[in-house]
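# Examination of the molecular architecture
This is what each chain is made of:
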Amino acid sequence: MPQKPTALVIGAGIGGIATAARLAKNGYNVTVLEKNDTPGGRCNQIVRDGHRFDVGPTLFLMPEVWEETFAALGEKMSDHLDLRRIDPTYKVHFADGLQLQLTSDIGEMQTQLEKVEKTAFTGFLNYIAEGSRHYKLSLEKFVGRNFYNIFEYFSLANLPLIFQLKALAKHYSNTGRFFKDERLKAAFTFQNMYLGLSPYDAPATYSLLQYTELAEGVWYPMGGMYAGIQALTGVAEKLGVKFIYNAPVKSLNVERSTFNTQRIKSATLEDGREFAADLFVGNADLPYIYDQLLPDRAEAKKLDEKLYTCSTIMFYWGVDKPYPQVAHHNIFLGGDYKGSFDQIFKEHRLPDEPSFYVHAPARTDAAAAPEGQDTFYVLVPVGHLEARSKQDWDAMVNKARETVFTRLAKEMNVTDLREHIKFEINYTPLTWQERFNLAKGAAFGLSHNFWQVGFLRPQNRHAQYKNMYFAGASTHPGTGLPIVLLSARLTTERILKEFQGLQVKDFTLEHAAAQS
C-alpha cells in the first residue's frame, strides 16, 4: 500500500478543523497542532458555575454552507446539530427610544417600518431583493471560488459583476437609496459589525447580510455555537485526524531543495518538539503566521500595513436571577452613529456613545444557565490595538460596563443587574491578541474593502513555499464562520488540484539530480 501523504494543520479554529477533516477524507494523514487546550479558536466556550457562554460568534447563518461541509465529510448536519430558528432575529434599540424587531414576518415588518417612514416598506422589499442578488452572485462568482491569478479575478466576465455587486460603493451611502430615516439606515447596516467593519467603509455588497438573516434565517444550535465545533471535531477524529492540544508552534522551518525551490519541512513547538509533514496549512491568524512563524519579514511588514477589522470588549456575566424581558439577540445603537465608527476605526478607541450587543442564550436553550438564573454575553465594538494611540483599557472597560447598565435599566427595566451578577469574565483586544494570536487584537482579522477581497486578499497558498497553505478569516474569501467554512473548502480544493502534481514534479527533479 502506498504511504498516505501527511499534512500538518497549525491551529484548531473552525477553518483548521474543517480543512483537516476534508484532507483526511481525501486520503491524507492529518495532525492538528493547537496552542490552547480546546479546539474552536475564537468560536470557543466558557462554562462556569452552570453558566455556558459562547466566546465569539453567536449567530448561526447560511446553514446551507454548514450542510455542504458535513455532506463533504460523509455526514448529515441534522444528525449532529439541533437548530432552532430565532425570529424575531433581534430587537434593535435606538438612543432616542425607538425600538424595532427585525423579523421574517413581512406583515409585521410593514407595520413597524411604516410607523417610522411612510415609504420604508417598499424600500425594505427592494433592499432585500438587492441583498438576494448580491448574496447569490457573490457565492457563485467570488466568495465560493478560488482565483489563481489576477487575470481570472479581473476577467472580462468578472468586471461587470464587480459593478453589479456595488463593490466600489459604500454600504451606508447605498442604503440611502432605500431609506431616508437615519435610524433605518442604521438598522440595516449595523450588521457590518459581524465582519468587524464600518458601514461607512464596507462595500455595498454587504446588503447580502440582511438578506441571509431575514430570508434564510438566524439560527441557534442547541448547546451553543460550540456544538458546531464539537460536532466537526468529532467527525474529523472519526476520519482519523489527530489533535494535539497545548502545543503552541514556535517556528515553521524552511528547506531548500536541489533546484533551489523552497518548502516548509517541519514545525517546531515552543517545548522543542518537531513535527515534519509533506503539506502545511496555517489556520492561526495569517498575519501572525507571517510575522512570528515564517522568515518572510518583507511580507510580514506589508501585512502589518493593511487595514484591520475592529476589536471588542466582551463581558460574560453569570446572573443569579432571570430577566425575561431581554430577548435572545439585542442590539443597542449609540446616538452618534457615524461618530462612533470614526472613533472605533480612526481613533482606535471606545466611542463616546458606544453601541453594544447582548446575547441571552437561555431564552432558547435553558441549559445555558442554572434554573432560575440567566447568562448574559455582551459585545461592545472598540478599536483594535494601536501602538501610536493612548489606549487605557481599564478605563474603557469600566465605561463600557456602565453604558450597558444604564441603557438596560432605561430601556428594558433591568434596574438591578449590577447587584445580581455572580461573576464577570471580560475580554479586551489584549485578550484576543494573547489568547488567540490575533494581530493587533483585531477580533475579525484583516478588513474587507475593495483592495482586500478576492484575489487582492492574501492568498490561500504561500507564493514562495509551495507546500504552505492557509485557511481562516484573514485569507480568501474572508471572515465570518460560514465564510471560513468556505475557506476550508477552497483551500482543500486548491491543495487537491496543485499539491499532488507538485509532489510528483519535485520527486522527479530530485530523482534526476540524484542519478546524474
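Above this text you will find the structure in question.
What comes next is a walk through the structure. Worth saying up front: this structure is predicted, and the values here are computed from it rather than measured.

## Observations regarding unusual backbone geometry
Pro88 follows Asp87 through a cis peptide bond whose omega is 5 degrees. With an omega dihedral of 5 degrees, the bond running from His476 to Pro477 counts as a cis peptide bond. Structurally, Pro477 is set in the loop between β19 (468-470) and α17 (481-515). Residue Asn437 is not a glycine yet carries a positive backbone phi of 55 degrees. Here Asn437 lies in the loop between α16 (429-436) and β19. The exposure class assigned to Asn437 is buried, which follows from its relative accessible area of 17%. Even without a glycine there, the phi angle at Lys440 is positive, about 60 degrees.

## Side note on the packing of helix α11 (residues 286-293) against helix α12 (residues 297-304)
Two elements in contact, α11 and α12, have axes separated by 8 Å at closest approach and are oriented at 145 degrees. Here α11 runs over α12; the crossing is left-handed. The residues of α12 that touch α11, namely those facing Leu286, Pro287, Tyr290 and Asp291, are Arg297, Glu299, Ala300 and Leu303. Residues that form the contact of α11 with α12 fall into these classes: five nonpolar, no polar and three charged.

## Quick word on the pairing of strand β16 (residues 356-359)
Working note: regular strand, side chains alternate between the two faces of the sheet. Of the two faces of β16, the one holding Phe356 and Val358 and the one holding Tyr357 and His359 are both buried throughout. With four bridges joining them, strand β15 (residues 329-332) and β16 adopt antiparallel strand pairing. Among the inter-strand pairings, His329 is bridged to a residue of β16, identified as His359. Two elements, β16 and strand β17 (residues 374-382), share three bridges in a ladder whose sense is antiparallel. Looking at β17, one finds that His359 is bridged to Tyr377.

## Some points on the sheet that holds strand β13 (residues 279-282)
On the basis of which strands lie adjacent, the open sheet formed by five strands has the order β9-β2-β1-β13-β19 and parallel pairing. Only two strands of the sheet have a single partner each, and these edge strands are β9 (242-244) and β19. If you compare each strand with its neighbour and ignore which way they point, the axes differ by 20 degrees on average. Here helix α1 (residues 14-25) sits on the sheet in contact with β1 (6-10), β2 (29-33), β9 and β13, set at roughly 165 degrees to β2.

## Considerations on the nonpolar core
Trp66 and Tyr316 are the most contacted members of the largest nonpolar core, which totals 117 residues. Each residue touching Trp66, except ones within four places of it in the same chain, is listed here: Ile14, Phe60, Leu61, Met77, Leu81, Gly228, Leu232, Leu481, Pro482 and Leu485. Counting 29 residues, the second largest nonpolar core, distinct from the first, contains Ala267, Tyr308, Ala439 and Ala442.

## Remarks on the environment of Asn174
In this fold, Asn174 is placed in helix α7 (residues 171-175). Along the chain, Asn174 and Lys185 lie 11 residues apart, while their C-alpha atoms are 9.4 Å from each other. Here Asn174 is in contact with Glu130, Lys166 and Ala204, once residues within four sequence places are set aside. One polar contact links Asn174 to Glu130, side chain to side chain, over a distance of 2.9 Å.

## A short note on the pattern of salt bridges
Close approach of charged atoms allows side chains with opposite charge to pair. All chains considered together, the criterion is met by 29 salt bridges. The closest approach of N and O atoms between Lys301 and Glu305, which form a salt bridge, is 2.7 Å. Across this residue pair, the class does not change: Lys301 and Glu305 are exposed. Lys346 is the partner of Asp342 in a salt bridge, and the nearest nitrogen-oxygen pair spans 3.7 Å. Overall, the relative accessible area of 59% leaves Lys346 in the exposed class. Here the salt bridges do not stand alone but share partners, grouping Asp96, Asp181 and Arg183 into one network.

## Looking at the sheet that holds strand β10 (residues 249-256)
Read across the open sheet, the three strands follow the order β10-β11-β12; overall the sheet is antiparallel. Here the strands that pair on one side only, and so sit at the sheet edges, are β10 and β12 (274-276). For this sheet the average axis-to-axis angle between neighbouring strands, irrespective of direction, equals 30 degrees. The sheet contact formed by β10 and strand β11 (residues 262-269) spans seven bridges and is antiparallel. Bridge pairing links Ser251 to Thr268 in β11.

## Some words on the packing of aromatic side chains
Under the defined criterion, the tally for this structure stands at 34 aromatic pairs. Consider the rings of Trp317 and Phe405, whose centres lie 5.3 Å apart with planes at 20 degrees: the pair is stacked. Taken together, the residues Trp317 in strand β14 (residues 311-319) and Phe405 in helix α14 (residues 393-412) connect sequence positions 88 residues apart. Look at Trp317 and you get buried, because its relative accessible area is 0%. Judged by its relative accessible area of 9%, Phe405 is buried. Feature note: the residues Phe53, Tyr316, Tyr357, Tyr377, Phe423, Tyr427, Trp432 and Phe436 constitute an aromatic cluster, connected by ring pairs. If you follow Arg48 out to its NZ or CZ, it ends over the ring of Phe423, 4.3 Å from the centre.

Rules behind the numbers
Residues numbered from 1 in each chain as written. Predicted model: local features only at pLDDT ≥ 70, side-chain atom pairs only at ≥ 80, totals over all residues. Heavy atoms only, no water. Helix = DSSP H or I, 4+ residues; strand = E, 2+ residues; numbered from the N terminus. Buried < 20%, exposed > 50% of the residue type's maximum accessible area, 1.4 Å probe, protein only. Axes fitted to C-alpha atoms, helices over the stretch in contact; angles between N-to-C directions. Left-handed = near helix turned anticlockwise from the far one by under 90°. Contact = heavy atoms within 4.5 Å. Nonpolar A, V, L, I, M, F, W, Y, C, P; charged D, E, K, R; others polar. Pairing = 2+ DSSP bridges. Core = buried A, V, L, I, M, F, W, Y, C linked by side-chain atoms within 4.5 Å. Polar contact = N/O pair within 3.5 Å; in protein donor to acceptor, adjacent residues only side chain to side chain. Salt bridge = Lys/Arg side-chain N within 4 Å of Asp/Glu carboxyl O. Phe/Tyr/Trp six-rings, centres within 6.5 Å; stacked < 30°, edge-to-face > 60°. Lys NZ or Arg CZ within 6 Å of the ring centre and 35° of its normal.

Purely geometric stuff here, so don't read any function into it on its own.
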